[in-house]
Amino acid sequence: MKKCKAEAIPRVIVANKQDLPDSLSPEEIRKVMNMGQNIPIIPVSLMRNEGIEEALDALLEILYR
């Protein structure tokens, strides 16, 4: 994360394991990582095949702005 900040690399945080009961919500992750609202945090569960398209869409949206 520090290197991304230093080089102004676009970021999307993909929060996997959202199917687990003790997983942090995107807002909890944002707070713990001290990140602004400008970085998308996409909740994903690979086991349930949820959120994968949304994560890819978020990344492509940033890249093609």
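Everything numeric in this text was worked out from a predicted model, so none of it was measured.

### Things to note about helix 3 (residues 52-63)
When the terminal C-alpha atoms of helix 3 are compared, their 17 Å separation across 12 residues agrees well with the 16 Å that a helix rising 1.5 Å per residue should span. For helix 3, the full list of buried residues reads Ala55, Ala58 and Ile62. The buried residues of helix 3 occupy an angular sector of 65 degrees when the element is viewed end-on, so they sit on one face. Exposed residues lying more than 90 degrees from the buried face of helix 3 are Glu53, Glu61 and Leu63. On its buried side, helix 3 packs onto strand 1 (13-15) and strand 2 (41-43).

### Some words on a nonpolar patch on the surface
On the surface, Leu56, Leu59, Leu60, Leu63 and Tyr64 cluster together into a nonpolar patch covering about 520 Å² of accessible area. On the secondary structure map, Leu59 appears in helix 3. Taking the relative accessible area as the measure of exposure, Leu59 reaches 34% and is therefore partly exposed.

### Some words on the environment of Ile41
You can see Ile41 is positioned in strand 2. The buried category is assigned to Ile41, whose relative accessible area is 9%. Along the primary structure Ile41 and Arg11 are separated by 30 residues, whereas in three dimensions their C-alpha atoms are 9.2 Å apart. Not counting chain neighbours up to four residues away, the residues in contact with Ile41 comprise Ile13, Ala15, Pro26, Ile29, Arg30 and Met35.

### A look at the pattern of salt bridges
This model, assessed by the stated rule, comprises 1 salt bridge. Here Arg30 makes a salt bridge to Glu27, at a shortest N to O gap of 3.5 Å. Note that Arg30 and Glu27 are positioned in helix 2 (residues 26-33) at a spacing of 3 residues, about one turn of the helix. Owing to a relative accessible area of 7%, Arg30 belongs among the buried residues under this scheme.

Thresholds applied
- Residues numbered from 1 in each chain as written.
- Predicted model: local features only at pLDDT ≥ 70, side-chain atom pairs only at ≥ 80, totals over all residues.
- Heavy atoms only, no water.
- Helix = DSSP H or I, 4+ residues; strand = E, 2+ residues; numbered from the N terminus.
- Expected span 1.5 Å × (residues − 1).
- Buried < 20%, exposed > 50% of the residue type's maximum accessible area, 1.4 Å probe, protein only.
- Arc of directions from axis to C-beta.
- Contact = heavy atoms within 4.5 Å.
- Patch = residues over 30% accessible without salt bridge, like charges linked within 9 Å, V, L, I, M, F, W, Y side chains within 5 Å.
- Areas by Shrake-Rupley, 256 points an atom, 1.4 Å probe, with all protein chains shown as cover.
- Salt bridge = Lys/Arg side-chain N within 4 Å of Asp/Glu carboxyl O.

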